[in-house]
Amino acid sequence: MSIFTLHYYEKVGLLLPVERARNGHRCYSERDVEWTQFIKRLRATGMPIATMREFAKLRKQRKTTLSKRGAILEAHEKTVRARIRELEQHLEAIHAKRRRLQKGDTP
């Protein structure tokens, strides 16, 4: 993850401010790294920043928001699974076209 992305995520509330070394560099804990990897996955799977911010806000409230966070992830999982099914259909159409082309059928 780029420095720009880390700073942006901190600015919009996805990352909590982290401790800094004497030279001013941020010092990320293992937990911070795990969280950044998770939000990177959420982003890569198409979760909107606004939803990620909502999830991060709930995360700060700890155990009192477990069910709400679970519901957000469940909804996102459904969206991702639907996208996977859509991509699999596209992929099958591409394979079918390649098979026709290999047979010399070129419509």
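Remember, it's a predicted structure, so these values are computed and weren't measured experimentally. (Residues numbered from 1 in each chain as written. Predicted model: local features only at pLDDT ≥ 70, side-chain atom pairs only at ≥ 80, totals over all residues. Heavy atoms only, no water.)

Q: How do you make sense of the overall build of the protein chain when you look at a structure like this?
A: Helix and strand counts for the protein chain come out as four helices and zero strands. Ordered by position from the N terminus, the helices and strands of the protein chain form the series α-α-α-α. For the protein chain, the C-alpha radius of gyration of 20 Å lies well beyond 13 Å, the compact-globule estimate for 107 residues. By its C-alpha atoms, the protein chain is 70 × 35 × 20 Å across when sized along the principal axes. In the protein chain, which comprises 107 residues, the share counted as buried stands at 21%. Counting contacts in the protein chain only where the partners sit at least 6 residues apart, residues at least 24 apart contribute 39% of the total. Of the roughly 8500 Å² that the protein chain leaves accessible, carbon and sulfur atoms contribute 55%. (Helix = DSSP H or I, 4+ residues; strand = E, 2+ residues; numbered from the N terminus. Rg over C-alpha atoms; globule rule 2.2 N^0.38 Å. Buried < 20%, exposed > 50% of the residue type's maximum accessible area, 1.4 Å probe, protein only. Contact = heavy atoms within 4.5 Å. Areas by Shrake-Rupley, 256 points an atom, 1.4 Å probe, with all protein chains shown as cover.)

Q: Looking at this model, I keep getting lost on the nonpolar core. Mind explaining?
A: For soluble globular proteins, the rule of thumb is that nonpolar side chains tend to be buried together. In terms of nonpolar packing, the biggest core is built from 15 residues, with Tyr 9, Leu 14, Leu 15, Trp 35, Ile 39 and Met 52 touching the most fellow members. Element by element, the count of residues in this core is highest for helix 3 (residues 49-60), at five residues. Sequence-distant contacts of Leu 15, that is, excluding residues within four places in its chain, are made with Leu 6, Tyr 9, Glu 10, Trp 35, Thr 36 and Ile 39. (Core = buried A, V, L, I, M, F, W, Y, C linked by side-chain atoms within 4.5 Å.)

Q: Please clarify how helix 3 should be interpreted in this entry.
A: Within an α-helix, residues lying three or four positions from one another point in the same direction, as the helix has 3.6 residues per turn. In this model helix 3 runs 16 Å from its N-terminal to its C-terminal C-alpha over 12 residues, within 8% of the 16 Å that 1.5 Å per residue would give. On its buried side, helix 3 packs onto helix 1 (3-11), helix 2 (30-44) and helix 4 (66-102). The first or second residue beyond helix 3 is Arg 62, which carries a positive phi of 65°. (Expected span 1.5 Å × (residues − 1).)

Q: Mind showing me how you'd approach helix 4 here?
A: For helix 4, spanning 37 residues, the distance from its first C-alpha to its last is 53 Å, which sits close to the expected 54 Å at 1.5 Å a residue. Taken residue by residue, helix 4 has Arg 69, Ile 72, His 76 and Ala 96 as its buried positions. In this structure, the buried residues of helix 4 make contact with helix 2 and helix 3.

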